[in-house]
Amino acid sequence: MESVPAKGRRVVVVWSVVGAALLTTLWTLTTTTNYITDTRIKQVGSRSTKEPCLSPEMRRRLAASLTKLQRDLRASHPGVGERWRRELHKVAATLDPRLDREPLRPATLVCPEHHNGTKFVVEKCTGAPPLRQVLSVVVAARGWQPSRVSRVVRALNSHYNLTIVLILSDGDPSPVTDRAVVVVRQDAAVSDGRALDDAVSRVTTPYVFLGEGLGDFSWQHSALGRLVRVLDRLGGQGVAGGSHRDHRGQWRHGCLQRSLTNYHATFLSGYQHSGQECMYCDDVLGPVLASVGLVHRVPFSHALSGPALYRDWHTRVTQAGYLTLACPDVMFFLQEEATMDASDWQAYARQWSLQTIQAHDGEQYSFTCREVAISCSDLRKKIASYLVAPCCREAIMAGITVLDTFAGQHGLAYELHHGSLLGAVKLAAFLPWDFDQDIYYDCKDRRTWESLNGYLKGRKTGCHVRLSSARRQLVLQCATFFVDMVCRSPLTGHSLPAGYRNVTTWVEYGGRRVSVMANPGAAVRDQTGPENLRHAQHWRVPARPAAGAWRPCHTPATQACLDHHPADGSLAFSHPPVCLP
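Predicted model only: the values in this text are computed from it and were never measured.

**Student:** Sorry, what's going on with the overall build of the protein here?
**Tutor:** Helix and strand content of the protein: 16 helices and 27 strands. Considering the protein as a whole, with its 581 residues, one finds that 51% of them fall into the buried category. Across the protein, contacts joining residues at least 24 apart in sequence account for 67% of those joining residues at least 6 apart. Just so you have it, the protein exposes about 27,200 Å², and 53% of that area is on carbon and sulfur atoms.

**Student:** Would you mind going over the sheet that holds strand S19 (residues 356–358) with me for this structure?
**Tutor:** Remark on secondary structure: sheet strands pair via backbone hydrogen bonds, oriented parallel or antiparallel. On the basis of which strands lie adjacent, the open sheet formed by five strands has the order S16-S12-S13-S19-S20 and mixed pairing. Two strands lie at the open edges of the sheet, namely strand S16 (283–284) and strand S20 (364–366), each paired on one side alone.

**Student:** Which parts of the structure should I look at to understand the packing of aromatic side chains?
**Tutor:** For any pair of aromatic rings, geometry is given as the distance between the ring centres together with the angle between the planes. Scanning all chains against the criterion turns up 16 aromatic pairs. An angle of 75° between the planes, with centres 5.1 Å apart, marks the rings of Phe217 and Trp219 as edge-to-face. Both residues of the pair, Phe217 and Trp219, belong to the buried class. Look at Phe406 and Trp449: their rings are 5.6 Å apart centre to centre, the planes differ by 45°, and that puts the pair in the tilted class. Of this pair, Phe406 sits in helix H12 (residues 390–410) while Trp449 sits in helix H14 (residues 446–450), placing them 43 residues apart in sequence.

**Student:** Help me understand the pattern of salt bridges, please; the structure alone is not making it clear to me.
**Tutor:** Side-chain pairs of opposite charge can arise where the charged atoms are in close proximity. Tallying each qualifying case throughout the model produces 15 salt bridges. In this structure, Arg105 and Asp232 form a salt bridge, with 3.2 Å as the shortest nitrogen-oxygen distance. You can see Arg105 sitting in the loop between helix H3 (82–95) and strand S3 (113–115) and its partner Asp232 sitting in helix H7 (residues 224–233), a full 127 residues away along the chain. Judged by relative accessible area, Arg105 falls into the partly exposed class, the value being 40%. With relative accessibility at 1%, the residue Asp232 sits in the buried group. When the shortest N-O distance is used, the salt bridge between Arg311 and Asp283 registers 2.7 Å. In this pair, Arg311 is assigned in helix H9 (residues 307–319) and Asp283 in strand S16, connecting sequence segments 28 residues apart. One connected set of salt bridges, linked through shared partners, spans Glu531, Arg534 and Asp568.

**Student:** Sorry, what's going on with the sheet that holds strand S25 (residues 482–488) here?
**Tutor:** Pairing in this open sheet of five strands is mixed, and the strands run S21-S22-S25-S24-S23 from one edge to the other. With partners counted over all chains shown, the strands left at the sheet margins are strand S21 (414–416) and strand S23 (464–467), one partner each. Pairwise comparison of adjacent strand axes, ignoring direction, gives a mean angle of 30° for this sheet. When strand S22 (residues 436–442) meets S25, the two strands line up parallel, connected through seven bridges.

Criteria and cut-off values
- Residues numbered from 1 in each chain as written.
- Predicted model: local features only at pLDDT ≥ 70, side-chain atom pairs only at ≥ 80, totals over all residues.
- Heavy atoms only, no water.
- Helix = DSSP H or I, 4+ residues; strand = E, 2+ residues; numbered from the N terminus.
- Buried < 20%, exposed > 50% of the residue type's maximum accessible area, 1.4 Å probe, protein only.
- Contact = heavy atoms within 4.5 Å.
- Areas by Shrake-Rupley, 256 points an atom, 1.4 Å probe, with all protein chains shown as cover.
- Pairing = 2+ DSSP bridges.
- Phe/Tyr/Trp six-rings, centres within 6.5 Å; stacked < 30°, edge-to-face > 60°.
- Salt bridge = Lys/Arg side-chain N within 4 Å of Asp/Glu carboxyl O.
- Axes fitted to C-alpha atoms, helices over the stretch in contact; angles between N-to-C directions.

Honestly, it's all geometry; don't read function into it.
Shown next as structure tokens:
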């Protein structure tokens, strides 16, 4: 039998580990974005809540780590540290509200349900209003076959006399139905987003069902009252969808998780948390139900049509602070599963300034600056709040490529220093919050470097070398960037042991082999001072905070905001970013 002192020691160790985890988490929150003191007020429906200045992705990763620690603690030490487990859950639920399932109120708009030991059954009640007073339907059916339109409308109205707002084009015939249908005709030139907003504006009930892609409808399998109940218990502050199947018989739950960071989007099929037998999602494929007030507060984009419209809307719903759920027991029948090709994802990428997308079906897409309307001009102003886009970083790296090629052809030595060297050491790439490059060259080679102009002109690079009036240095000037070229004698390679001097120290830098100072780690530490491995904005940015924090972003919804990213570490700045759980 284990001795009492040994048990006591184990308890102390366990509590110490949990306490350390909590302290580490809070320290991360504090140092990353001033979690304790720097908050912004965010409107969520009719409520005002204080939201920590952390991206949803970062909060959710931290919440997932705390939840795992909580579960491990419960499994390993079931009788120890109940108070610590509660504290862990409290912190995790603060980071990710989807973990906190307690504030559910009784449903008032539909009758409650209970599980009778065999299945869920809806109770009989007298207080709930008729469903037609609670719920209306909007179906965007432009271009549908008339038989499909009539089939869907008849099925929707087979049990309840719901108001159905049907969006048709000018040439589409009206559906065959014995019930009243509000037909809204929109010219084909009108975007799906504008047509949907116009249709929802005609709805007078508190909830609206958006029947995207329906091929048929069954009240037996698609219980809209269940979705109303789920959202009603959440106070209407969310969107609820269901699973779906197609004519081939394939069924999917339709729940997607989404990450937007560093000009990259990842969509994954699956869920991390659940409540009310529904999955918490960032996006739902297929039809959804929402409060009309939510759709008014987060309208559809009038610039988009097709499936990109819904990916964009779900993104903005999430960023507005609303919950999204998929209830797998509510199954919708689709004409065909919604798919997105490169043009659909490009439309979404333009809305969110994305260059790469990993789609939920496993496909990956890449777009140029021009394709997604990203400008690389005036980077010095942009780095006050945003990361430099990968396509702009690649343009900046072209300057180093030109210099490296020229140096190789003429037997010249050079070394990255200061900001460029810092990026090479920390990220193996150009710092995405910098706007220029820095090299040392040997002063004895100045005349040769000045001849670089002829080389640039011959290759039509649009760049030229000029003499800086400030420090008598050379500057490689290009359309959107420049490289400061400072002479130094001698370069640092002379300090290496004799057997190593014949090869310049080099690093992987944005996928290129680039020369650096002899001991790049030591040079960075000396040049940039204490805490140089923590990130700091460019020294030209006004009112920049100390290393380990970013300036607040001017437009918090933008995925490229610096303060959405950790101010320490390298993995989040890879492309695509590596996000650890």
